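What follows is each chain in one-letter form.
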Amino acid sequence: MAKEIERKFLVKHESWRAEAGPGAAMRQGYLAAMDDRTVRIRLIDGESARLTIKIGTGMLTRDEFEYEVPLGDGEELIASAIGTVIAKTRYRVQGETHVWEVDVFEEPYAGLIVAEVEMRTENDDPVLPDWIGQEVTDDRRYSNFALATRDDKQRPDISPDGR
């Protein structure tokens, strides 16, 4: 069984861009969800599609199964997504000890930039680059699923009521 162990952070400033590789344009939508699982489809650069199943209630560690699917199937599936299809560009940035994935969101969440770091174990202690801000690993508002299914489509980092 594949495990995903990752921490998530807000990004303080744009200095990460100097170290970033080329970005990959992503569109992702959720096909099904329950309290402890999601099924999503992700289109990457309009060239490939991946179906992902995540199971688990924790935000740090979950079971993850990911499969390449034909692009046509992916396009058909994303048309059936619940909520909003998330659009973002993902950049990979080599840090001192780990590779970071920086997601720059498009409308309706333009201006939101989130960095994730995948780890081998929950005890890994990645060196945090100076552009890393507040940790939001356990804040469900920053999960892509929560963004896709928010009713008000307001960025969680600027919501006046903190929801």
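Residues numbered from 1 in each chain as written. Predicted model: local features only at pLDDT ≥ 70, side-chain atom pairs only at ≥ 80, totals over all residues. Heavy atoms only, no water.

A.B. asks: Hey, could you run me through the environment of L43 in this one?
C.D. replies: One can find L43 in strand 3 (residues 37–44). Here L43 falls in the buried class, since its relative accessible area comes to 5%. Aside from chain neighbours lying at most four places away, what touches L43 is A25, M26, R27, S48, A49, L71, G74, E75 and I78. (Helix = DSSP H or I, 4+ residues; strand = E, 2+ residues; numbered from the N terminus. Buried < 20%, exposed > 50% of the residue type's maximum accessible area, 1.4 Å probe, protein only. Contact = heavy atoms within 4.5 Å.)

A.B. asks: Just checking my understanding: could you explain the confidence of the model for the protein for this structure?
C.D. replies: Parts of the model with low pLDDT should not have their predicted coordinates read in detail. Here the protein shows a mean pLDDT of 91. Residues at 70 or above account for 96%. Per-element confidence in the protein is highest for helix 1 (residues 71–78), whose mean pLDDT is 98, and lowest for strand 1 (residues 3–11), whose mean pLDDT is 91. (pLDDT = per-residue confidence, 0-100.)

A.B. asks: Before we go on, may I ask you to explain the side chain of R7 in this structure?
C.D. replies: Along the polypeptide, R7 turns up in strand 1. A distance of 2.8 Å separates polar atoms of two side chains, one belonging to R7 and the other to E135. (Polar contact = N/O pair within 3.5 Å; in protein donor to acceptor, adjacent residues only side chain to side chain.)

A.B. asks: Help me understand the packing of aromatic side chains in this model?
C.D. replies: Where two aromatic rings form a pair, the distance of their centres and the angle of their planes describe that pair. What the rule picks out here adds up to 4 aromatic pairs. Members of the aromatic cluster, each reached through a chain of ring pairs, are F9, W100 and W131. (Phe/Tyr/Trp six-rings, centres within 6.5 Å; stacked < 30°, edge-to-face > 60°.)

A.B. asks: When you look at the pattern of salt bridges in this model, what are you seeing that I'm missing?
C.D. replies: Pairs may arise between side chains of opposite charge once their charged atoms sit close together. Counting across every chain of the model gives 18 salt bridges. Measuring nitrogen to oxygen at the nearest pair gives 3.6 Å for the salt bridge that ties R40 to E66. Here R40, found in strand 3, pairs with E66, found in strand 5 (residues 61–69); they are 26 residues apart in sequence, far enough to count as distant. Given a relative accessible area of 5%, R40 falls into the buried group. Several salt bridges converge on common partners, so that one network encompasses K8, K88, R90, R92, E101, D103 and E116. (Salt bridge = Lys/Arg side-chain N within 4 Å of Asp/Glu carboxyl O.)

A.B. asks: Teacher, can you tell me more about the nonpolar core here?
C.D. replies: Soluble globular proteins tend to pack their nonpolar side chains together in the buried interior. If you look at the biggest cluster of nonpolar residues, it comprises 13 residues, and the most contacted ones within it are V11, W16, W100, V102, A115 and W131. Those elements giving two or more residues to this core turn out to be strand 1, strand 6 (82–94), strand 7 (99–105) and strand 8 (113–118). Those residues in contact with W16 that lie beyond four places of it in its chain are V11, Y91, V93, V102, V104, I113 and W131. Formed by 11 residues, the second largest nonpolar core is a distinct cluster that contains I86, L112, V114 and V136. (Core = buried A, V, L, I, M, F, W, Y, C linked by side-chain atoms within 4.5 Å.)

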